[in-house]
Amino acid sequence: MEQLTVKIVDFHNALEAIETQRKIFPEDGLLNILASLDRELFQKESGILYPDDHIRYYLAYIAEKPIGITGLYYQPGDTEEMWLAWFGVLSEYRNKGYGTAILNWTMEEVLRQGRKVLRLYTDMIECGDAITLYEKLGFHGEKYSAEELSYDCYIYSKSLMNKEISTWNNKFLGLAQQSSYEQKDDFFKEKIFQKYKDVYFE
């Protein structure tokens, strides 16, 4: 396996991140990435009051070529836990150890930021390969049913301090509202994207 490097997504490599993310996830996380660059700027340009979840994305490279993406955010007021966002690897790099390497880097980043637990939510049906990886690396899964969603949602959690994990216990997350930010029509999203490309991206 070739040497992996990871860079934070900023205005320099945002286009690479968006292209990579779109190849991995058909549901499109364009607005999420744009909002992560500068929340106040995004609100000004889009008119969307984006939640203050302190999300940052990271792009994984091999020889300066993007191969995967990962992200981290935390709930306001929470000092112990972080949540995984848009973790994925381009199809041609799967089953080669890169997914494990990116997720291990992500867990190390959680510790570097002084937090002790990593959680994520995922679709049990659509994300089988990723779930296999989560379970292999010691994540504990539990069904999430606190709100009505269009997919079979599970919460996966892992203590990064080698302690017994405190389960999520089906607490309300507001996932339907989070998803609504990506339900804008394509014309709206493309208009915002074009503005960023013309004015802000380097």
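Our subject is the structure listed above.
Residues numbered from 1 in each chain as written. Predicted model: local features only at pLDDT ≥ 70, side-chain atom pairs only at ≥ 80, totals over all residues. Heavy atoms only, no water.

Attention shifts here to unusual backbone geometry. Negative phi characterises most residues that are not glycine, and trans characterises most peptide bonds. In this model, Ala63 sits at a positive phi of 50°, which is unusual for a non-glycine residue. Positioned with a positive phi, Asn95 is a non-glycine residue whose angle comes to about 60°. Residue position: Asn95 is located in the loop between β4 (81–89) and α4 (98–112). (Helix = DSSP H or I, 4+ residues; strand = E, 2+ residues; numbered from the N terminus.)

It is worth spelling out the packing of helix α1 (residues 14–24) against helix α2 (residues 30–37) at this point. For any two helices packed against each other, one specifies the crossing angle of their axes together with the interaxial distance. Running from amino to carboxyl end, α1 crosses α2 at an angle of 155°, the nearest separation of the two axes being 10 Å. Taken together, the axis directions place α1 and α2 in an arrangement best described as roughly antiparallel. Regarding α1 and α2, the two cross each other, and that crossing is right-handed. Contacts between α1 and α2 involve Ala14, Ala17, Ile18, Gln21 and Arg22 on the former and, on the latter, Leu30, Ile33, Leu34 and Leu37. When the residues that make up the contact of α1 with α2 are grouped by side-chain class, the tally is seven nonpolar, one polar and one charged. (Axes fitted to C-alpha atoms, helices over the stretch in contact; angles between N-to-C directions. Parallel < 35°, antiparallel > 145°, perpendicular 65-115°, else oblique. Left-handed = near helix turned anticlockwise from the far one by under 90°. Contact = heavy atoms within 4.5 Å. Nonpolar A, V, L, I, M, F, W, Y, C, P; charged D, E, K, R; others polar.)

Right, let's get into helix α3 (residues 39–46). Along α3, the positions that sit buried rather than exposed are Leu41, Phe42, Glu45 and Ser46. What you see down the axis of α3 is that its buried residues fit within an arc of 110°, all on one side. Seen from the buried face of α3, the exposed residues on the opposite side, beyond 90 degrees, are Glu40 and Lys44. Contact partners of the buried residues in α3: α2 and α7 (186–200). (Buried < 20%, exposed > 50% of the residue type's maximum accessible area, 1.4 Å probe, protein only. Arc of directions from axis to C-beta.)

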